[in-house]
Amino acid sequence: MFEIDKWQEILSTVKKNRLRTFLTGFSVAWGIFMLVVLLGSGKGLENGVAEQFRGGATNGVWITSGVTSMKYKGLKTGRPIQFTNEDYNSLNTTIRGHDHISSRLFLGNNLVSYKNQYGSFFISPCHPDYGYIKEIELIRGRFLNNIDIHDFRKVAVIGEKVKASLFKGADTVAMGKYITINGVLFKVVGIFRDFSRNDNEQKRIYIPISSAQRIFNGNNIVQQISYTTGTATPDQANAMVENTKSLLSRRHTFDVKDQRAVEVWNKSEDVRRFSALFAGIRLFIWIIGIGTIIAGVVGVSNIMMIVVKERTKEIGVRKALGASPGSIIGLILQEAIAITGFSGYIGLVLGIGLLELVSSKMPSTEFFRNPEADFSIAIGATVLLIVAGAIAGFVPAMKAAKVRPVDALRDE
Amino acid sequence: MINIKNIHKSYVMGQSRLHVLKGIDLEIKSGEMISVMGASGSGKSTLLNILGILDNYDTGEYSLDGTPIRKLNERKAAALRNHLLGFVFQSFNLISFKNAMENVALPLYYQKVSRKKRNIIAMEYLERMGLKEWAHHLPNELSGGQKQRIAIARALIAKPKVILADEPTGALDSVTSLEMMDILQEINRTGITMVIVTHEHDIAARTEKTIKITDGIITEIIKN
């Protein structure tokens, strides 16, 4: 199929009708260009939103204690719910399917110092599993471990920004040093970077929850429990969330339907909602893009129809000399595919070029960053082009194959 | 070589039927050179088309080189044309964007002969026609006689058994016409059967036998 002769023929017919071929090719190139730019922009929107979701496992569930807003079993509204270590243990043993679980205490901002450097940082006591749930990336050292919890160790994992503001000048090594949190000495065992872009998240200090309860709280209070749902399907994850709610409502005597008594954030649910939204947007874009390409294909088909008409005599000669219908179909189809393929490729390159330009020159905003056309889009567009070319050439090719040499050769 | 018996052919034109061939019997032996004459509309071109497997016939029998030709599919007909027949047309029918050599080589392309090999063979045939220097010229750069010689080279390249020529001198001046007949006669002497449709008496006179067709039947066979 890919012999020099056929290409020569295609080239010579294209050369004979430059403007006509250019205009046809342009409509296809425009279609592909639009498709690529639209898909790339959709991707940019998606990247922007995905960025909002960073810093936390996508299958995470966060349960925070709140205040009741519904009357239940004779109890009035406005009653605060207080989680304890018992709740943590109970969830850990009862809820099946979770792979990481942690409780948290909110101590808020506290004065932290090292030698003569001071700062106010968010102290976040938690279990070792929180490192996984929050997707904390360690730059140095380690995160909290079970021995820290068990032995009530006074150790701290500090954020990059915390390190930067406490360890300055000649004393830049933080690992192994002792920092003072609210008057108590903690040993730095790790330095982390949070995935989220939020600056406040980098200004945190994680310490073992057991130590925090003993030092700052004096009892077993917990304010938030979070876990990841492991390999559970979305439905299974929802069932886990429901079980959690009913377990807590029984333990703390509040209405399961009370949205305020405990606040549950099931991140996988949000992620699912957004991916459904973006799947919808992508589908919409493909429909528009394909519609534009169809207009181009009709143009190519039209041109090929004229080409066949003009070349009727030549096709007749070829048949008289022994050309099979198959070889005639191949000739016309190949020309159509060549025109759509080549011009479409130009559209593809221009579209990706524009996306790259926007991506490098435009500052990314909260909801739009890095518009890009990935490899699968390029492959998809290429396949689409070949199919489009084949469709464009099909009717003219069949018409060409039906040319009767007798009619074509009749001397007028 | 060519054997036809009681061939009928009619064209349906809207409501009416046009009976073009009304029972043609003809036997052409291998190596014969015959001409077909007749007024326009007499059916001589239709006969040539049927002989050339370019058109079907309604009833009768036709065998070409021992092969019965009846209701062939397009592919088989194309293959038979390619291997057994060579065509020479009044208006040459060269492909305008191919040079002389490529035009001559075209039948071999459909035999799947490699590009290099078929171009070498095409050059040999062009040399035989005295057109070697014109091999890389496009048809519109050549004279009528040169074009027809290229067309003849093209008809010969697949080593056909029969050459069918439809008014081969119709578009040429008288001197060139005679040259062309010399070439065709020379080819005939190599053993290739030749059927020439013409309306010029002096062309017909150069063939062994002239068949006259009037209103779809053979009215006269003249031995020249």
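Note that the structure is a prediction, hence the values are computed from the model and not measured.

About the thresholds
- Residues numbered from 1 in each chain as written.
- Chains lettered and ligands numbered in written order.
- Predicted model: local features only at pLDDT ≥ 70, side-chain atom pairs only at ≥ 80, totals over all residues.
- Helix = DSSP H or I, 4+ residues; strand = E, 2+ residues; numbered from the N terminus.
- Contact = placed C-beta atoms within 7 Å.
- Buried ≥ 20, exposed ≤ 12 C-beta atoms within 10 Å, placed from the backbone.
- Nonpolar A, V, L, I, M, F, W, Y, C, P; charged D, E, K, R; others polar.
- Pairing = 2+ DSSP bridges.
- Expected span 1.5 Å × (residues − 1).
- Arc of directions from axis to C-beta.
- Axes fitted to C-alpha atoms, helices over the stretch in contact; angles between N-to-C directions.
- Parallel < 35°, antiparallel > 145°, perpendicular 65-115°, else oblique.
- Left-handed = near helix turned anticlockwise from the far one by under 90°.
- Core = buried A, V, L, I, M, F, W, Y, C linked by C-beta atoms within 7 Å.

Right, let's talk about the overall build of chain B for a bit. When helices and strands are counted, chain B shows seven helices and 10 strands. Within chain B, counting contacts between residues at least 6 apart in sequence, those at least 24 apart form 69% of the total.

Secondary structure assignment for chain A yields 14 helices and 13 strands. Evaluated residue by residue, chain A yields a buried proportion of 39% over its 412 residues. For chain A, the proportion of contacts with a sequence separation of at least 24, taken over those separated by at least 6, is 82%.

The partner chain A presents 17 residues to the 21 residues of chain B that form the contact. Broken down by secondary-structure element, the contributors of at least two residues to the side of chain B that touches chain A are helix 2 (74–84) and helix 3 (100–109) of chain B. Residue contributions to the side of chain B that touches chain A peak at six residues, all from helix 2 of chain B. For the side of chain B that touches chain A, the per-class residue count stands at 11 nonpolar, five polar and five charged.

Residues and elements named next belong to chain B. One open sheet accounts for four strands, arranged 2-1-4-5; its pairing is antiparallel. Either end of the sheet is taken by a strand with one partner, and the two such strands are strand 2 (16–28) and strand 5 (67–68). Pairing of strand 1 (residues 2–13) with strand 4 (residues 59–64) involves five bridges; the strand directions are antiparallel. Counterpart to histidine 8 in the pairing with strand 4 is threonine 59.

Another point: helix 9 (residues 234–252) of chain A. Residues and elements named next belong to chain A. The terminal C-alpha atoms of helix 9 lie 27 Å apart, and with 19 residues this matches the ideal 27 Å at 1.5 Å per residue to within 8%. Of all the positions in helix 9, only Ala237, Met240, Val241, Thr244, Leu248 and His252 are classed as buried. Seen along its axis, helix 9 keeps its buried residues to an arc of 100 degrees; they face one direction. Away from its buried face by more than 90 degrees, helix 9 exposes Asp235, Glu242, Ser246 and Arg250. In this fold, the buried residues of helix 9 make contact with strand 1 (60–65), helix 3 (85–94), strand 13 (262–266) and helix 10 (267–310). Positive backbone phi, at 50 degrees, marks threonine 253, one or two positions downstream of helix 9.

On to the sheet that holds strand 6 (residues 85–88) of chain B, then. Strand pairs in the sheet, formed through backbone hydrogen bonds, run parallel or antiparallel to each other. Residue and element names in this part refer to chain B. In spatial order, the strands read 6-7-8-3-9-10; together these six strands make up an open sheet with mixed pairing. The two strands at the open ends of the sheet, each matched to only one other strand, are strand 6 and strand 10 (217–223). This sheet shows a mean twist of 20 degrees between the axes of neighbouring strands, independent of strand direction. In terms of strand pairing, strand 3 (residues 33–38) meets strand 9 (residues 209–214) through five bridges, oriented parallel. Its bridge partner lying in strand 9, methionine 37 is registered against lysine 212. The sheet strands contacting helix 1 (residues 44–51) are strand 3, strand 7 (162–166), strand 8 (193–197) and strand 9, and the helix crosses strand 8 at an angle near 150 degrees.

Here the focus is the pairing of strand 4 of chain B. Inspection of the sheet shows strand 4 of chain B paired to strand 5 of chain B by two bridges, in the antiparallel sense. By the bridge assignment, leucine 64 of chain B is partnered in strand 5 of chain B with threonine 67 of chain B.

Turning to the packing of helix 3 of chain B against helix 5 (residues 144–156) of chain B, a few remarks are in order. Residue and element names in this part refer to chain B. Running from N to C, helix 3 and helix 5 point in directions that differ by 30 degrees, and their axes come no closer than 7 Å. Judged by the inter-axis angle, helix 3 sits roughly parallel to helix 5. Handedness of the helix 3/helix 5 crossing: right-handed. Residues Ala100, Asn103, Val104, Leu106 and Pro107 of helix 3 form the contact with helix 5, whose participating residues are Ile150, Ala153 and Arg154.

In terms of nonpolar packing, the biggest core is built from 111 residues, with Ile32, Val36 and Ile332 of chain A together with Val104, Ile157, Leu164 and Val195 of chain B touching the most fellow members. The element best represented in this core is helix 12 (residues 325–361) of chain A, accounting for 10 residues. Not counting residues up to four positions away in its chain, the partners in contact with valine 195 of chain B are Ile28, Ile34, Val36, Leu48, Leu51, Val162 and Leu164 of chain B. Among the nonpolar cores identified, the runner-up in size contains 30 residues, and Tyr114, Phe121, Leu166 and Tyr206 of chain A belong to it.

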